[in-house]
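Coordinate analysis (summary)
Residue strings, one per chain:
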Amino acid sequence: MPESAIPPPPVQNGAQGSTLSRQLALQRDRRPADPLLSLVVPVFNEEESIDIFLGAVTRLMERDGFRFEIVFVNDGSRDNTLVHLLDRSAADRRLRIVNLSRNFGKEAALTAGIDHARGDVIVPMDIDLQDPPELIEPFMSRWREGYDIVYGVRTLRTSDSAAKRLSASWFYRVFNSMSPVRIPENVGDFRLVDRRAVEVLRQLPERNRFMKGLFAWVGFNAVGVPYERPQRAAGSTKFNFWRLWNFALDGVVSFSTAPLRAWFYVGVVMASIAMLYALFIITRVLIFGIDTPGYASLLIAVLLMGAIQLLSLGIIGEYLGRLFLEVKSRPIYVVEGVYADGTPQAAKP
């Protein structure tokens, strides 16, 4: 990570700058001098990464003098992740484990960690150290300036393939062009979130979670800190192309109705073309007396309209499926147990 990780504050002019400065000053006055920092770390089959992560993070946190806790969320791991975490928590009281009853997915696990974190500020991060713990100190510096959300901006993504970088760039552009809630480009879940923003997040009841969008939706004053994204310290990624595609689809459908509206306009355009073509055929027959055998053109038209109808039904189905899940109101996750000191604790309601 570059030493100059903290960019200068953005220059504000006029009333906007005055308003922001006033807001930041008000927030600085209410910030505790010695805040509790909660690191929220979802894990799934990451037993080989635990010791590497804890060694790097605890050393840096102690060096910088932070008062902290680490909330691991075991998302139904099938290896010895839970056993390893319990052993480590027995030796370090700053570790707590939220063990989910099965695999609910990263977004649900992240939600569970946020719900159970007790800190004045919360930092969601991955265990693979691609979210550099060195960035926590710059995050805290921005927080002390009065910002409620400080997010990491990936300036270099050499650890990702060219296809992944390109698809990520397309996703941000498509999402921000369709959604009223804009998310910063090249920003993941790695960020610092103040307690008052966390309390708003906890009020959001939706089951289909797209946390990048939810972090942006809550608003508050936010600022980015650039960093270079390193390689994984250990293990392998749990996201393949198909999971990333579904994740992107969830994000778009969760925050925009533009796909539904787009197919209304597609229907209008296709209907207009059909009417104009019908008028053309009728006029040609009446004036020139030319009939239209047109089996091939008719078949093409039927197939085209059928494909459009199926595609539009698929888009409607995506929204109906999510509505179906929301109406059932099942919990976002189920906690098997919360552990500290290697022993079961009372779960947070």
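The structure presented is a predicted model; accordingly, all values stated were derived computationally and were not measured.

Rules used throughout
Residues numbered from 1 in each chain as written. Predicted model: local features only at pLDDT ≥ 70, side-chain atom pairs only at ≥ 80, totals over all residues. Heavy atoms only, no water. Phe/Tyr/Trp six-rings, centres within 6.5 Å; stacked < 30°, edge-to-face > 60°. Helix = DSSP H or I, 4+ residues; strand = E, 2+ residues; numbered from the N terminus. Lys NZ or Arg CZ within 6 Å of the ring centre and 35° of its normal. Polar contact = N/O pair within 3.5 Å; in protein donor to acceptor, adjacent residues only side chain to side chain. Contact = heavy atoms within 4.5 Å. Buried < 20%, exposed > 50% of the residue type's maximum accessible area, 1.4 Å probe, protein only. Pairing = 2+ DSSP bridges. Core = buried A, V, L, I, M, F, W, Y, C linked by side-chain atoms within 4.5 Å. Axes fitted to C-alpha atoms, helices over the stretch in contact; angles between N-to-C directions. Nonpolar A, V, L, I, M, F, W, Y, C, P; charged D, E, K, R; others polar. Salt bridge = Lys/Arg side-chain N within 4 Å of Asp/Glu carboxyl O.

1. Looking at the packing of aromatic side chains
A full pass over the atoms with the stated rule returns three aromatic pairs. Ring plane angle 45° and centroid distance 5.1 Å describe the contact between phenylalanine 139 and phenylalanine 190, whose orientation is recorded as tilted. Residue phenylalanine 139 is located in helix H5 (residues 136-145), and its partner phenylalanine 190 is located in strand E6 (residues 187-194); the two are separated by 51 residues in the primary sequence. Here the aromatic residues Phe139, Phe190 and Tyr227 are joined through ring pairs into a cluster of three or more. Note that arginine 102 overlies the ring of phenylalanine 104, its terminal NZ or CZ placed 3.9 Å from the centroid.

2. Regarding the side chain of arginine 195
Considering the arrangement of structural elements, one finds arginine 195 in helix H7 (residues 195-202). Of note is the side chain of arginine 195, whose polar atom sits 2.9 Å from the backbone oxygen of glycine 119. In contact with arginine 195, other than residues within four places in its own chain, are Ala117, Arg118, Gly119, Asp120 and Ile122.

3. Side note on the pairing of strand E4 (residues 121-124)
Along E4, one buried face is formed by Val121 and Val123 and the opposite face, lined by Ile122 and Pro124, is buried too. Bridge count between strand E1 (residues 36-43) and E4: four bridges; the pairing is parallel. Across the sheet, residue leucine 37 finds its bridge partner in E4, namely valine 121. Two strands pair when backbone bridges link them, and E4 and E6 are joined in this way by two bridges, in the antiparallel orientation. Directly across from isoleucine 122, in E6, lies its bridge partner valine 193.

4. Re the nonpolar core
The biggest cluster of nonpolar side chains holds 37 residues, and the ones touching the most others in it are Leu37, Leu39, Val41, Phe53, Ile70 and Phe72. Excluding residues within four positions of it along the chain, valine 41 makes contact with Phe53, Ile70, Val71, Phe72, Val73, Met125, Asp126 and Ile127. Counting residues in hydrophobic clusters, the runner-up holds 28 residues, among them Val73, Ile114, Ile149 and Val187.

5. Digging into the packing of helix H2 (residues 50-63) against helix H3 (residues 81-91)
One way to put it is that H2 packs onto H3 with a least axis distance of 11 Å and a crossing angle of 35°. Each of Ile50, Asp51 and Leu54 in H2 lies in contact with H3, whose residues at this interface are Thr81, His84, Leu85 and Arg88. Here the contact of H2 with H3 is built from residues that sort into three nonpolar, two polar and two charged.

6. Here's the deal with the pattern of salt bridges
By the definition in use, this model includes 16 salt bridges. The salt bridge partner of aspartate 64 is arginine 63, with a shortest N-O separation of 3.2 Å. Aspartate 64 gets classed as partly exposed once you look at its relative accessible area, which sits at 28%. The class for arginine 63 is exposed, based on a relative accessible area of 61%. Of the charged contacts, one joins arginine 118 and glutamate 69 as a salt bridge, the two residues approaching to 3.3 Å between their closest N and O atoms. Of this pair, arginine 118 sits in the loop between helix H4 (106-116) and E4 while glutamate 69 sits in strand E2 (residues 67-74), and the two are 49 residues apart along the sequence. Given the relative accessible area of 4%, glutamate 69 is considered buried. Residues joined by salt bridges that share partners form a network here, namely Arg30, Arg31, Asp148, Asp194 and Arg196.

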